[in-house]
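# Descriptive analysis of the structure
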Amino acid sequence: MKLTKLKVSNLLGHKNIEWNFNPDSSFNILVGNNGSGKSTLLNIIASIVADSRFDTTLKHKIKDCFESVELYYRDNSCSFTKQQDNDEQIQLHPKHSQPLQFWCSNQNGWDIDNEAYSIYLNGLKSKQLKSYIQAVNEFLKMNDKELKSEPSNQPCRKIKLVLVDNKTGKQINVTSPLEASILLSHGERELLKILFWTVVLNKYPHSFIFLHNPETHLHLNWQENLLLTLRKLNPNAQFFIKTHSPAIIMNGWNNLYVDMNEIIV
């Protein structure tokens with residue numbers, strides 16, 4: 001399943017939107033002025049995909065921001081002879097929402113100092129854990145740091161993650177909420193969070209990842225390599241990203257972004 005198009009009428013009270021998603025890429029990147037409605041569009045899509053299983057935070061973010069909305073998809077799992085002639089619309093409460101999985105970076109409770117991080121970490125398969133640690137270390141090597149997994153001494157926890165500073169020998173227990181929230185930099189936390197949930201959703205055939213300004217707190221080099229890493233970690237996910245940073249699309253992704261002004265109809 002792949003989302004194909006979003007239509008929104010009277011967005012923010014004064015514009016109609018028709019956003020056709022990239023048919024040949026996992027990434028849909030939205031740019032534009034502050035206050036133009038980028039976050040609202042991502043929140044609308046996430047709310048529809050999430051349906052009633054989602055908490056009220058996103059619903060609150062999009063309340064009274066539009067008059068009507070239509071989200072379309074195409075089922076790529078059909079055989080060639082049974083493929084859809086037209087894209088189908090997902091209603092605000094899609095009956096098929098149960099198999100859909102998503103993660104939205106601006107939601108509370110999904111940071112690495114939250115208990116959910118440790119729970120999902122211990123549910124990763126060994127291949128997923130290995131790919132996560134390798135991806136993180138590709139970014140950390142510029143600071144001579146390294147992420148390692150070690151056995152956990154806590155009940156119901158098989159492993160813990162430790163961030164090692166190879167210059168000083170200092171170690172930070174990433175899976176300790178207190179250490180993670182105090183001792184890790186904002187950029188390290190952001191990187192660990194984004195890459196982690198991308199890996200977690202890799203086991204689902206239909207998943208959607210929403211990133212609001214992923215460049216926040218990230219070094220320029222990290223921004224430039226982010227999209228390629230995300231695609232490697234989860235080639236099946238569909239990403240919806242809003243950004244103000246040209247570095248995010250610098251490494252060969254220039255043809256994937258759309259300006260808010262271009263989708264006003």
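Below is a summary of the structure that appears in this document. Remember, it's a predicted structure, so these values are computed and weren't measured experimentally.

### Here we look at the sheet that holds strand S6 (residues 101-104)
- A sheet is described by the order of its strands in space; here 5 strands give the open sequence S6-S10-S11-S3-S12, paired in parallel fashion. Sheet topology places S6 and strand S12 (257-259) at the edges, where each strand pairs with a single neighbour. On average, each strand axis in the sheet is tilted by 15° relative to the strand beside it, whichever way the strands run.
- Bridge analysis of strand S10 (residues 207-212) against strand S11 (residues 238-242) gives 5 bridges, and the strand direction is parallel. Of the residues in S11, the one forming a bridge with Phe208 is Gln238.
- Helix-sheet contacts for helix H1 (residues 38-50) involve strand S3 (27-31), S6, S10 and S11, and the interaxial angle to S10 is about 155°.
- Most of the contacts of helix H6 (residues 186-200) go to S6, to which it runs at about 175°, and overall it touches S6, S10 and S11.

### Considerations on the layout of surface pockets
- Looking at the second largest pocket, its volume works out to about 260 Å³.
- As for the second largest pocket, its lining consists of Ser131, Gln134, Ala135, Glu138, Phe139, Lys141, Asn225, Leu228, Thr229, Lys232 and Leu233.
- For the lining of the second largest pocket, the secondary-structure elements that each account for two or more residues are helix H4 (126-140) and helix H7 (220-233).
- Its residues assigned to classes, the lining of the second largest pocket comprises 4 nonpolar, 4 polar and 3 charged.

Scoring rules and cut-offs
Residues numbered from 1 in each chain as written. Predicted model: local features only at pLDDT ≥ 70, side-chain atom pairs only at ≥ 80, totals over all residues. Heavy atoms only, no water. Pairing = 2+ DSSP bridges. Helix = DSSP H or I, 4+ residues; strand = E, 2+ residues; numbered from the N terminus. Axes fitted to C-alpha atoms, helices over the stretch in contact; angles between N-to-C directions. Contact = heavy atoms within 4.5 Å. 1 Å grid on protein atoms, 1.4 Å probe; cavity = no way out; pocket = protein on both sides within 12 Å on 5 of 7 lines; lining within 4 Å. Points joined across faces, edges and corners; volume = space filled by probe spheres on them. Nonpolar A, V, L, I, M, F, W, Y, C, P; charged D, E, K, R; others polar.

Geometry only, nothing functional implied.
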